[in-house]
Amino acid sequence: GGTTQFTRVYSKGTEVTLSAKPSAGANQFKQWLANGKPVGTEPTVTVTMDYDQTLRAVSVPIHTLTVASRDPDSGVTVTVSPADRNGQAGGTTQFTRVYSKGTEVTLTAEQTVGANLFKEWLANGEPISTEATVTVTMDYDRTLRAVYEVVLSPIITTHPISQTGDAGASGTFS
């Protein structure tokens, strides 16, 4: 084993197993490359040494997506695509998902929650869309909040119209 760069010599036909840490700091393992070509997406890979090979463990930065809501502050179902690095997709606010840097994530909030109507999405507190479906690029940690507004039903009251007067009255006009 070793860290960063190292060289080992093996007899032709030897099977060699390499393991990388699944995560290190704010990075997560993505794949193994052998001479620049993908050979596995699991942290452990086995290769047969039939020729000289350069193997590289590729890690990518990861970012956290926090999904929240306002009015109501919880209990809103949001669909999220694609699933995150842990295989989780949508959820009920508030929840978090973890993505590799650069992943495009699409979120769709419910149009109505109780008597409240969807109003807008906020990204880190700033308005980004009034549509219930929004797509963001995970180039840093983000908090997306689905904001709803209370819709008040109008109260209509009726009053009977008074019909008074003498239908047979007459008068003189000049």
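Here the structure is a predicted model, which is why all the values come from computation and not from measurement.

Student: Which residues make up the pattern of salt bridges, and what values do they have?
Tutor: Inspection of the entire model under this criterion finds one salt bridge. Notably, a salt bridge pairs Arg142 with Asp139, separated by 3.4 Å at the nearest N-O pair.

Student: Residue-level account of unusual backbone geometry, with values.
Tutor: Geometrically, the link from Asp71 to Pro72 is a cis peptide bond, its omega value of 20° lying close to zero. In this fold, Pro72 is placed in the loop between strand 6 (55-70) and strand 7 (77-81). Of note, the bond from Thr93 into Gln94 is cis; its omega dihedral lies within 30 degrees of zero at 0°. Residue placement: Gln94 occurs in the loop between strand 8 (91-92) and strand 9 (95-100). In this structure, Asp71 is a non-glycine residue whose phi angle is positive, near 60°. When you line up the elements, Asp71 lands in the loop between strand 6 and strand 7. Among the residues examined, Asp71 registers a relative accessible area of 38% and is labelled partly exposed. Phi is positive for Asn124, which is not a glycine, with a value near 50°. Note on placement: Asn124 falls in the loop between strand 12 (116-123) and strand 13 (126-129).

Student: How would you explain the packing of aromatic side chains if you had to name every residue and give the values?
Tutor: Evaluation of the coordinates by the stated rule reveals three aromatic pairs. Clustering of aromatic rings is evident, with ring pairs tying together Phe118, Trp121 and Tyr148.

Student: Account for the sheet that holds strand 10 (residues 103-109), with residues named and values stated.
Tutor: Across the sheet, four strands lie side by side as 8-7-10-14; this open sheet has antiparallel pairing. The sheet terminates laterally at strand 8 and strand 14 (133-138), the two strands that pair on one side only. In the sheet, strand 7 pairs with strand 10 via four bridges, with the strands oriented antiparallel. When the sheet's bridge partners are listed, Val80 is paired in strand 10 with Leu107.

What counts and how
- Residues numbered from 1 in each chain as written.
- Predicted model: local features only at pLDDT ≥ 70, side-chain atom pairs only at ≥ 80, totals over all residues.
- Heavy atoms only, no water.
- Salt bridge = Lys/Arg side-chain N within 4 Å of Asp/Glu carboxyl O.
- Helix = DSSP H or I, 4+ residues; strand = E, 2+ residues; numbered from the N terminus.
- Buried < 20%, exposed > 50% of the residue type's maximum accessible area, 1.4 Å probe, protein only.
- Phe/Tyr/Trp six-rings, centres within 6.5 Å; stacked < 30°, edge-to-face > 60°.
- Pairing = 2+ DSSP bridges.

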